[in-house]
Each structure stands twice: as structure tokens, then as C-alpha cells.
Amino acid sequence: MKIIILLVILSLIIAISFLIAFIWSVKSGQYEDIEGPPRRILFDKNIKK
Amino acid sequence: MSSFTSQTYCVHCGSECGHDALTVAETNFCCSGCKMVYDIIQNNNLCEYYNIHDTPGIKTIYKWSSQKFDYLSNKEIVNQLISFRNGEEEHVEFYLPQIHCSSCLWLLERLYQINPAIISSRVNFYNKKIYITYDSTGTNLKEVVELLASLAYEPHISLDGKKNTATEYDDQYGLSLGIAGFCFGNVMLMSLAEYFSAGTMEYSIHTFISIASIVISLPSLLYSARHFYMSAWKGLRKGILNIDFPIVLALFITFGRSLYEIASGTGIGYLDSMTGIIFFMLISRWLQSRTYKKIFFDKDYKSFFPVYACKIVNGISEYVELTTVKAHDILRIHSNEIIPVDGILSKGSAQIDYSFVSGESNPVVVEKGELVYSGGRQLGSNLEIVVAKEFSKSKLISLWNNSIFRTKHELNHDEYDKIANYFTLGVIMLGGIAGMYWMLQKEYTYMWNAIVTVLIVACPCALLLSKNFTYGNIARILSYNGFFLRSTELISRFNKVSTFVFDKTGTLTQPYYENVNYFGNRLEDSMKRAISSLLNQSTHPLGKSIQRFLLVKEHVSVDSFKEYSGKGIEGWIEDRHIKIGSADFVKISDSGQVGSVIFVMCDSKLIGKFIIHNSYRDGIDKMFAKLKNNFKILLLSGDNANETENIKKFIGQDAVLKFNQSPQDKLHSIKELQDQKENVVMVGDGLNDSGAFQQSDIAICVADDDKGFTPACDAIIEGRNLHLIPEIVRFLQSGKITIKVIFGISAVYNLIGLYFALQGILTPLVAAILMPLSSVTIIGLSYLWSLRSASKLLLKTTTL
């Protein structure tokens, strides 16, 4: 049953990497404007002149 | 051009097209301002703007003069506004309160198509900000601002425009919340292993899981929970046991107890419950803090005035900082600018709108040599004034700084916080009694179990959560309805309200004087002159409105003039017989119309009609009808008593109205009411209400989009939503019942927990089930209940 310790460590590593990703996303300002991007994504990238 | 029946709407801003309407290639505009913006957009191939969102444009009410942004060519000023410079590249950040839809976003991020020297522009939609980078060799700050203004997105530049403290606050909660959630989830998983193994777990695995739980719970305890520590510590330093104190106490006891259990090998502790408490409490805090973000309260006079003044030195104008202006300087005031300092009019004819300062609704005409006061808006052409007092000594500023107006509203903790404190005391006593009981029985293990677990299970979290969540939901739903609370702590104050006091100008009335529209045959200049001359004979307010609308300067003589009171007037002008008046008076039948309709007849032929929309806000008659049932109503106006009859129509014949009230009078009137044990809500808008705001129990400020100024107040309501006040108040009061019901339910959970705890047999498993279950019940119920009360009152429950 000791294998469970290894499994717990592995799952924690995965969980912590997600936590780090979350902290990075907050620090890089991705939550500063939560209304703009959902609107922006609907625009055509390059409009023809 | 315009007809009696069909109604067209402006393609740019969606307003009704009245007499100013322009039609170009089957495209309708309500005014030349809108057409100008449309032209710029069309010439730059940006018409997609109109496809993303219907009529996204902003109607420009005050047209800016060409010199308005001249001060931005001053190097020093530019350096102050620029946030970052990289070689030739300059970065600047503006607050654009006009941003409201996807089209705004789309257009503002394509500024480079209009001005190629703009390298990039990026909108922060949530904070209504734009970040612009431009090449300073190709353009300059002034041109950038002018471009924004010409698109009707005039940036808000003010003396304290750089301050922005509200943003960081929210992010901190976000990060804390994420970490707390992580810790809670993972500690819970660890504990589950223990719960399901039913004591059969190998010792080494048990040790590993216990240590892992402690390690994982640390970030939550040390980082996420710091908001509670800081607040509790602040309270302690002031000698108050505030609401965060019992939470901190419960957290420490739970953590200590868990460490002890793990170290002594008697169990795995209550770490899952502890991280759960932190997580759920943080959600409720975060929910509350979100409402503050969008709006800035306590905007003082500094944001109302321009930053710079145009000073004339030896006949040459230059821009200087307002604070450096001294007495005897000469300042030029452009059309539609706000007069920044008290001064003597030396050049030009002044027509000054003091509505914001004094509440007077009509512009005041000031002659040369007379005093003009700061805070007024010049409606006519350019002026020159000799400064009488420097900025900080001007009447308006000294009024603002007057000590009676500065007594701060203390944000007292409300009754629920008090209950929560008693609750904590009760719990501690209960734990003590249970401990004594077991001590007398000589069951020492049970004694310690009882004392500690009672505190763990019955911490006042349930009460706090039900309050915070309900208030958070209420504040959120109200923000969809254009009502913003400074703090959710204010909600319980609405339970005691007994009197509503209203200001008139700017509060009950629209911010612009009249809304006059003309429909009918085209009015020749001679006809305009004739109408205006005839109306000149009368003092009727509607006639004055039409005169202001026609803008005729010279008048001709009127023969055989006759006025029929309440009906109309007639007379002979330049050999034409003109009749102006109601449908009855000109003997035609008219279908029901909103607002006052005034017909014009020339030589017995109908020419057209003026529709004068009530300058009062829509729906206020219904608002008063509803408010009257439950509250006393008083009107305090700085204006004269001309409108008495109109207002009585809204409020009722028995209404108490007071006119010609100075800011001090308003303050005293409210104090008198309070001395009669009334609990007063003041609804006002301008500086003349700030004294009343400070004195009242709750101050609600009515704000229209273009005003960058709100006196210190407790809540802000958007002008167009003013009529929702009765519903909003009922909704706020419904919070009390919601909290009671939810608290009752969570008390059941607590009693179950106490049942186990008092016997000294509360296991971590029971705690781990009860705590999150009660939290989730509270969150869910509070959400659904608020939603139900809101939709019952027909309030909006989504942003759509």
C-alpha cells in the first residue's frame, strides 16, 4: 500500500503546478479586465481597407 | 424634413431625431455632433463600429471649443500625464467613463487607423481605461486627446486623476481566494483517505498524510487568512473586539488542536474544516469587495475642476496649473468651461449655470464688473475674468472645506456584528460550562475535547457568512440596476429609514435644461423671430423654454397682443397673426403625447408644434406615489419656488417643500428632522447638497455620466434609474429577512455540531461534513433568495 505515498506526491506535484499557473495568471494581470477579452475575441482580426 | 408622425432615431447615438435632425444619404442623425463623429468613423473605414452594437455612439452635450485642450501642448503638463517614455514612444493612460459596449472597445483599439502615429491603444473594459502608446515624432498628447474627444470619448483629466487605489485591493483577494481554495481541496482529499480507511490505515501512510495536510494548510493559514489577522489586529489596537477576532481565535484554536492531535497520534485534526472556513469566508469578502471596484466614491472638488487655467499675460495666453493662479491674474474662460476661481468679469457676456453649486436651475446673466463664482459653467461665448481670490480661497472650496461639512460618517459595524460578538461570548461560556461539567465528572479528555470542539464547530462563521453573502448578492444585483453602495455594511441602515429628503435641480430634474423638439413645417428665420417676439411678451416658463430653444437675438414689436392664462397667447407681428398655445387654444384635436405640446398657428394655418418634454426625470411621479406609503417626504431646493405646482403634482398636495435653501439650511433642516427621531435619507446631486449628505443617515448621490464629481456619499444611483428607489429600498430591506431565515437554517447545523461537541465526541469527520455543508447551504440559499426578491420587485438580475 506504500505506493499510495508516491501517488499522493505525484498528484500534489500536478496540483501545485496548476496553483503556480494560477498565481502567474493573477500576477500577469489576466484578471484585471475580465469583460474586455470576451468581447474582443469576437472581432475580426484584420479588417480589409 | 421632419413630419408630424414618423419618428426617426439617430444612427450614431440612438436618440430621437428632433428639429436639429440631419439626414444624409438616408442616414439620420439627431444633431451635427453625432454626424461629425460618424463622418470621422466613416472616412477611416471604421463603420464596423455600427455593426457590432446598435447605435453605440455617445451624444455630445457640451461641444468643446477648439482651444479646450491647448493646455496639453505645455511640456510640463505633458510630462505629468505621461506614465512612461521610451525614446520617442510615449505611453499614456486615460479614464474614459463613456466606454459601455463592444463597439467602444472595437473603435478605441483601432485609433491607429485614424492617426497612424498612434502605435497601439488598449482598452481595459472593466476599469474603463485606455492605454495609448504613440510616437511623439508623429503626433502629440494634445492631438491624441483631441482625437478621443472628437469621437465623443473625452478623457477625464483632473487634478487627482492619477490616484487609483481601488484596483489592487481586489486582486489580493483573488489570489488569496485561489490559494485558499487549493489548500481546502487538497487537505480535504488527504482527510478523505483517513475517513474512509476507518482506522485501518498503515502507520507510515497515516503519518505522511498528516504531515502533508499540515504543510498544505500552511499557505492558507499564513497567506490567505492574513486579511482576517490584519483586521482583527487593527481592531485590537483600537481596543475593539471586532468581527474578525472570533474568526482568528477559531482558526488558531483549530490549528493548535489539530497539531496536538497529529503530534500525539490521536487523530488527524480539523485542518480540512479550518481551510474550509478560510475559503468560504474569503469568498464572501471577495464578493463584497467586487462592488466597490467600478465606481469611485468620495470624489471631491478636485476632480470637478479643470487641471489648468488659461492665463493671459501681456495679451498672450498660456496654460498654467490652477493652483499657481494668484489674485489679479487674468484668466480666459472658454465656452462651456467651468469657472475655476472667483473673479470679476472683465470681458465678454456671461451666462453662467450655477446649478451644481447652488441648485438654481436657470443660468444667471452676469454683467461686466460683477463677480462670478467658481464652480459655475459658462454657457455663452468666451470670457475673461480678473481673479479675485486664488483657487484655495474661492467660495466653493472654502464651502467644501467648511468644518461642518467635513464631519465624517463613521462606518459603524451593524447589529449583526454585535450579535456575532455576543454569540462568540455565548459559545465561549457554553464551552466553559461543558468543560466544568466534564471536569466534575473527572473525565479530563472529554473536558478538553468539549472546550475546544465547541469553539471549532460554533464559530460565528455561519452568521457572518449569511450576512456577507446576502449583502454581497444584494449589492451585486443593485449594481446591475445602477445603484452602487459604498460599503455593504450600509445595507442594514436602510431598515430604520423613515424620511426621504430630495433635492430638486439635478436630482429630480434632468441635468440639461429643457428638452424641446419642434415638428412641422420648416421655420424660416422671420417666423422664428415672430414666435420669439410674441413669447417675449409672456412670462410663462414653457414660452421661455421655446425662446431658449429658438435662440433669436433681436425681437420685433408685437401688436394687439393678448395672453389667455393657461391657454396661450396671440398677437400681430409683421402683418401676420400668430397664435401659440395648447391644442384647445388653437382648436385642433391632438392625440396623447408625453410632455407639453405647444402649437403654433399663423393666419389660422397650423405651422407646427413644439414638444417640451418634462425636464423632470422619467417615472418620478410613480416613485413618489410608492414612497409616500411608507416614508415621509421632504423637498429641499436651492432654487426659487416657481416649480411648486409641478412638484406638488408629483409628491402630492400636502408635500412639504422648502425653497431657496442654502447648503447650511439644508443641513439644518435635516438635523431638525433627526432631532424628531427621524432617520433620514438624503437624495441629492451637487455640491450644494454636500452638507446635507454629511448630516443625513444615508446619503444617495444621483450621478449622470458626464459629471466627474460625486460629493462624499454612501451610495450612487445613476440618474436614469432614480425612479427605482422604492424598489431598491424594499430590496435592501428584504436582506434582513433573508439573513434571518438563512441564519436559522445554519443554526440547525450548528446545534447538531454542538450536540456532539458538548458531549466531547465531535469527530473530525462530523466537523468536516457539517462545516462545508452549512457553508454551501448558506451560499446557495442566499443567492437564490436574493434573486427571488429581486425579480419579485422587477429589478434586473443580470448585466444584460
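Let me begin by describing the structure that accompanies this report.

What counts and what doesn't
Residues numbered from 1 in each chain as written. Chains lettered and ligands numbered in written order. Predicted model: local features only at pLDDT ≥ 70, side-chain atom pairs only at ≥ 80, totals over all residues. Heavy atoms only, no water. Contact = heavy atoms within 4.5 Å. Buried area = accessible area lost by both parts, 1.4 Å probe. Salt bridge = Lys/Arg side-chain N within 4 Å of Asp/Glu carboxyl O. Polar contact = N/O pair within 3.5 Å; in protein donor to acceptor, adjacent residues only side chain to side chain. Helix = DSSP H or I, 4+ residues; strand = E, 2+ residues; numbered from the N terminus. Pairing = 2+ DSSP bridges. Axes fitted to C-alpha atoms, helices over the stretch in contact; angles between N-to-C directions. Expected span 1.5 Å × (residues − 1). Buried < 20%, exposed > 50% of the residue type's maximum accessible area, 1.4 Å probe, protein only. Arc of directions from axis to C-beta. Phe/Tyr/Trp six-rings, centres within 6.5 Å; stacked < 30°, edge-to-face > 60°. Lys NZ or Arg CZ within 6 Å of the ring centre and 35° of its normal.

Below, the discussion takes up the interface of chain B and chain A. Tallying the contact residues gives 31 residues for chain B and 26 residues for chain A. Between chain B and chain A the total buried area reaches about 2600 Å² when both faces are included, carbon and sulfur atoms providing 67% of it. Contact with chain A buries surface across chain B, with Leu 175, Phe 182 and Phe 208 of chain B losing the most and accounting together for 21% of the total. Counting every contact that joins chain B to chain A gives zero salt bridges. The interface formed by chain B and chain A includes zero residue pairs in polar contact (both at pLDDT 80 or more). Those elements that place two or more of their residues in the side of chain B that touches chain A are helix H4 (102–108), strand S5 (118–124), helix H7 (166–197), helix H8 (203–224) and helix H11 (271–293) of chain B.

Residue and element names in this part refer to chain B. Strands sit in the order S3-S4-S6-S5 across an open sheet of four strands; the sheet is antiparallel. Taken across any chain shown, the strands that pair with only one partner, and hence form the sheet edges, are strand S3 (82–86) and S5. Adjacent strand axes in the sheet meet at a mean angle of 15 degrees when their direction is disregarded.

A few words on helix H1 (residues 32–43) of chain B. Side chains of residues three or four places apart in an α-helix project in the same direction, reflecting 3.6 residues per turn. All names here are of chain B. Its 12 residues give H1 an end-to-end C-alpha distance of 16 Å, which sits within 8% of 16 Å, the value for a rise of 1.5 Å per residue. Residues of H1 that are buried include every one of Gly 33, Cys 34, Val 37, Tyr 38 and Ile 41, and no others. For H1, the buried positions fall inside an angular range of 135 degrees around the axis, keeping them on one side. The exposed set on the far side of H1, more than 90 degrees from its buried face, consists of Met 36 and Asn 43.

Now for the packing of aromatic side chains. Residues and elements named next belong to chain B. Enumeration over the complete set of coordinates arrives at 10 aromatic pairs over all chains. Taking the centre distance of 6.1 Å and the plane angle of 20 degrees together, the rings of Phe 500 and Phe 502 count as stacked. Using a relative accessible area of 0% as the deciding quantity, one classes Phe 500 as buried. Residue classification places Phe 502 among the buried residues on the basis of a relative accessible area of 0%. Ring plane angle 70 degrees and centroid distance 5.0 Å describe the contact between Phe 500 and Phe 631, whose orientation is recorded as edge-to-face. Within this pair, whereas Phe 500 is found in strand S17 (residues 499–502), its partner Phe 631 is found in the loop between helix H20 (620–630) and strand S24 (632–636), the two being separated by 131 residues in sequence. Pair check on accessibility: Phe 500 and Phe 631 agree, each one buried. Taken together, the aromatic side chains of Phe 500, Phe 502, Phe 624 and Phe 631 make up a single cluster linked through ring pairs. Sitting over the ring of Trp 785, Arg 788 keeps its end group 5.4 Å from the ring centre.

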